[in-house]
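Tertiary structure, described
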Amino acid sequence: MKKVLIAIAIICGIGAVCGLGALGGLYYWASKDLPSFKNITDYTPPLVTTVYSEDEQVLGYFYKEKRFLVKLNDMPHYVPQCFLAAEDSSFYEHDGVDLVAIFRAFVKNLQAGHVVQGGSTITQQVIKSLLLTPERSYQRKLKEAILAYRLERHLSKDDILTIYLNQIFFGARAYGIEAAARAYFGCHVQELSLAQSAMLAGLPKGPSAYNPYHNMAGAKKRQRYVLGRMLELKWITHEQYEQALSEEIVLRRMEDPSWRQGAYYLEEVRRRLIDRYGEDFVYNSGMHVYTAVNLTHQLAAEKAVRDGLIASAKRRGWTGPNQHLDKAQWEDFLKQNPYVVDALDVGEWVEVLVTDVTKQRAKVRFGDFHGVVTVEDVHWARQLDPSKATDEVPSVKDCRLVLHEGDIIWTSVKAIPDGVADGSAPAEEVIWPLDLERMPDVQGALVSMVPETGEVRALVGGYSFETSQFNRATQASRQPGSAFKPIVYSAAIDSGMTPSTVLLDAPIVYTDYENDRTWKPENFEGVFYGPTLLRTALVKSRNLVTIRIAQQLGISTIIDRARALGLESEFPEDLSVSLGSSPVTPINLTQAYSAFARGGSWIKPRLILRVESAWGEELYVNKPEVHEAISPETAYIITSLLKQVVSDGTAWRVRRAFSRPMAGKTGTSNEEQDAWYVGFTPDLLTTVYVGFDKMTPMGKWETGSRAASPIWIGYRQAVEAEYPVRDFQQPAGIVMARVDAASGLLAGPGTEKTFTLPYKAGTQPTETAEPSTASPSGGAKGAAGEDLLKQIF
């Protein structure tokens, strides 16, 4: 008997050793080539990069997977509990593998004859999601268990649960619990109710099958299961269970503002981030990017640019209908383009079908609605002729010259009909008054910056980002025309000239014998004014005086000054540079003008202020970059003259719109190809550009004053209330003097017209004008006259 027992013991020992060996071999077989934990312990899933406005409203997102990182302690306690109840109720008790759950699932699946329940823990699901392939095999399952066990020794339970809740896919393009809360309930995870949390916890098992947008009954069934498990586990009371089940589920997606408002600003931020970090990092790292944009400013700027470009397009005339339909196609068009009455607000554009035209009006249809366009609404729709300004052409007096039956045209709602406004008549039975519209082909840009800090409050790069992503505010180099002249005149002041220096406005001819070309520059008006004060030459934007200044100083001096102000252009050694022939971008010109608004130093425009990682770590701070360029006295003198451009010069439209101190300069390139207006107060500097993408004349009188300054006005009026009335601070080294407008000498008893002008101390005139000082033509005599002769010969 003893021998038998010994034999049995030996056999059992050998069996145990063999079993342990088999298990060891199985472990070795399964554990070979196991992946590293680094992907999990340094958890960096693809996350959404979020871009914020100045007051931390969301401007937009960049992502490949829509996932927002959220910490466990930022969630209501019942959110993780819902997922534990649904997936792994003993999560905080096992070591990564739940043998009881595996056995229970095995029995259930055996009874059902197919897989109805899984035994994977949350830790195993994290391993499967981040480290292993989705293949189904015993080797992968064993690897999963081994790695889960090991992971529990490297990370805390809370860390693993945090990874799980941020990693899982919920359907509706949502990865992670925060994205799911936004996609299904239009809220943040902190705002989820118990009922909503339970429904989300039921989705990972089958994101498509249980998607409540497509299968609310299935989603509710999963929600009931999750809440039932929580009740069994005594994690909620029966009252909470009943209350959650009875709560109405309202599905709502959180609005994604990306590319809807501030699209050009957002795109410029994207480009700069990619330049700094690379595309993969921008789209996957979950950065928090804080910008200087103010959405009130941005929306006002976008509207002002749209309105200004539409107005410019209308001044050129009518380009014809969008398309023309045969009568057999009318009904199909109306059915394919329905309209909802709630969307028909004043100013809203609608594409309509012309059904009947007389001299006085055109009847139109859009969807189920009827409208009318009167002859007064088509008055601007003349034939295109860039050689004539709209003021020189009679208004259209007959609708039949413009519109025809079957035309598809753009219109805008002039007013909401009375019957619709008070609800007394169906919207389909009333006649909607409409304005004729046309889509502009001309483009434009606007940059608005705080001169003190360089923070760019608004940036618009064109009429519509949807139709053209080319950002004219930062990428389009165009000739600034006369908007360049303040740079020239600042160099003149530093060369010893003063605002009352007398210069000759007379014809100039330059012959290029080498290339057999002749250049005969002219003033915009085609008139020569003779002896002219420097002040008047800048205020009235006199080309010939500007060229004489450049000739006297040397064009290299002008180019050096432009570069000192931060302008980036090739600047050939050519006198035409003084008239703004070297192209610059709107944002670059804004930077240069900041030297005048800031009292001598220019500041680099800042769109991005700072960048943080997904965990809130500081990655980048964009500190103000300031460069000294000119003296405070020179900056103040130029600013004072630019104030007179508004009060007495080419920016007269701005003067009519505002009563506060403002400085600015218009600019128009040859043949009205480019129109500019740069205007500023101590608190805000704004540049507007208008022109075709292809170098084409915009038409007669489409100048900086007419095409650009109304956009500036429209934007500035919308934000005007934010800024107190404030004048530019006068430096200590400036003295003011009242001078005779004709001679530039101190005003005397017989002076008819005077200007109050700033001077660097010691450069102000000391002689008093006598009635005989000025010639009948306004020219100067004496020493000033001799200086004028030197300018001629």
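Residues numbered from 1 in each chain as written. Predicted model: local features only at pLDDT ≥ 70, side-chain atom pairs only at ≥ 80, totals over all residues. Heavy atoms only, no water.

Looking at the side chain of Thr639
Residue position: Thr639 is located in helix 22 (residues 632-648). For Thr639, a relative accessible area of 2% corresponds to the buried category. At 3.0 Å, the side chain of Thr639 forms a polar contact with the backbone oxygen of Phe596. Other than its neighbours up to four places away in sequence, Thr639 contacts Phe596, Ala597, Ala663, Phe680 and Phe728. (Helix = DSSP H or I, 4+ residues; strand = E, 2+ residues; numbered from the N terminus. Buried < 20%, exposed > 50% of the residue type's maximum accessible area, 1.4 Å probe, protein only. Polar contact = N/O pair within 3.5 Å; in protein donor to acceptor, adjacent residues only side chain to side chain. Contact = heavy atoms within 4.5 Å.)

Brief notes about the packing of helix 3 (residues 78-87) against helix 9 (residues 194-201)
Helix 9 packs onto helix 3 with a crossing angle of 40 degrees between their chain directions and a minimal axis gap of 9 Å. Along this stretch, helix 3 crosses helix 9, giving a crossing that reads as right-handed. Judged by residue contacts, Tyr78, Val79, Cys82, Phe83, Ala86 and Glu87 of helix 3 engage Leu194, Ser197, Ala198, Leu200 and Ala201 from helix 9. Taken together, the residues of the contact of helix 3 with helix 9 break down into 9 nonpolar, 1 polar and 1 charged. (Axes fitted to C-alpha atoms, helices over the stretch in contact; angles between N-to-C directions. Left-handed = near helix turned anticlockwise from the far one by under 90°. Nonpolar A, V, L, I, M, F, W, Y, C, P; charged D, E, K, R; others polar.)

Some words on the pattern of salt bridges
With the rule as written, the count across this model stands at 32 salt bridges. Between Asp307 and Lys303 there is a salt bridge whose closest N-O contact spans 2.7 Å. Of the two residues, Asp307 and Lys303 both sit in helix 14 (residues 295-316), 4 residues apart, roughly one turn of that helix. Ionic pairing is found between Arg315 and Glu702, a salt bridge with its closest N-O pair at 2.6 Å. Taken together, the residues Arg315 in helix 14 and Glu702 in the loop between strand 25 (685-691) and helix 24 (704-719) connect sequence positions 387 residues apart. Like Glu702, Arg315 is buried. Through salt bridges with shared partners, a single network forms among Glu54, Glu455, Arg457 and Arg606. (Salt bridge = Lys/Arg side-chain N within 4 Å of Asp/Glu carboxyl O.)

What about the sheet that holds strand 21 (residues 618-621)?
Strand pairing in a sheet relies on backbone hydrogen bonds. The paired strands run either parallel or antiparallel. Taken in spatial order, the 5 strands line up as 2-1-6-20-21 in an open sheet, and their pairing is mixed. With one partner strand each, in any of the chains shown, strand 2 (58-62) and strand 21 form the two edges of the open sheet. Across the sheet, the mean angle separating the axes of adjacent strands is 15 degrees when strand polarity is ignored. (Pairing = 2+ DSSP bridges.)

Focus: the nonpolar core
Most often, soluble globular proteins have nonpolar side chains that are buried together. Membership of the largest hydrophobic core comes to 125 residues, with the highest contact counts inside it found for Ile549 and Val690. At 8 residues, helix 22 tops the list of elements feeding residues into this core. Leaving out residues up to four positions away in the same chain, Val690 has contacts with Leu309, Val442, Gln443, Gly444, Gln673, Asp674, Ala675, Met698, Ala707, Ala708 and Ile711. Grouped together as the second largest cluster of nonpolar side chains are 55 residues, Ala86, Ile127, Ala183 and Leu227 included. (Core = buried A, V, L, I, M, F, W, Y, C linked by side-chain atoms within 4.5 Å.)

As for the packing of aromatic side chains
In the structure shown here, the tally under the stated rule is 25 aromatic pairs. Between Phe62 and Trp259 the ring centres are 6.1 Å apart and the planes differ by 40 degrees, which places this aromatic pair in the tilted class. Highlighted residues: Phe62 in strand 2 and Trp259 in the loop between helix 11 (238-246) and helix 12 (263-277), separated in sequence by 197 residues. Consider the rings of Trp259 and Phe465, whose centres lie 5.4 Å apart with planes at 5 degrees: the pair is stacked. (Phe/Tyr/Trp six-rings, centres within 6.5 Å; stacked < 30°, edge-to-face > 60°.)

Focus on the sheet that holds strand 25
Strand order in the open sheet formed by 5 strands is 14-13-25-24-23, with antiparallel pairing between adjacent strands. Where the open sheet ends on each side, the last strands, each with one partner, are strand 14 (456-460) and strand 23 (663-668). Pairwise comparison of adjacent strand axes, ignoring direction, gives a mean angle of 5 degrees for this sheet. Bridge analysis of strand 13 (residues 443-449) against strand 14 gives 4 bridges, and the strand direction is antiparallel. Residue pairing in the sheet places Leu446 in a bridge with Val460 of strand 14. Along the sheet face, helix 24 touches strand 13, strand 14, strand 23, strand 24 (674-680) and strand 25 and points at about 40 degrees away from the line of strand 24.

All we've got here are geometric facts, nothing functional implied.
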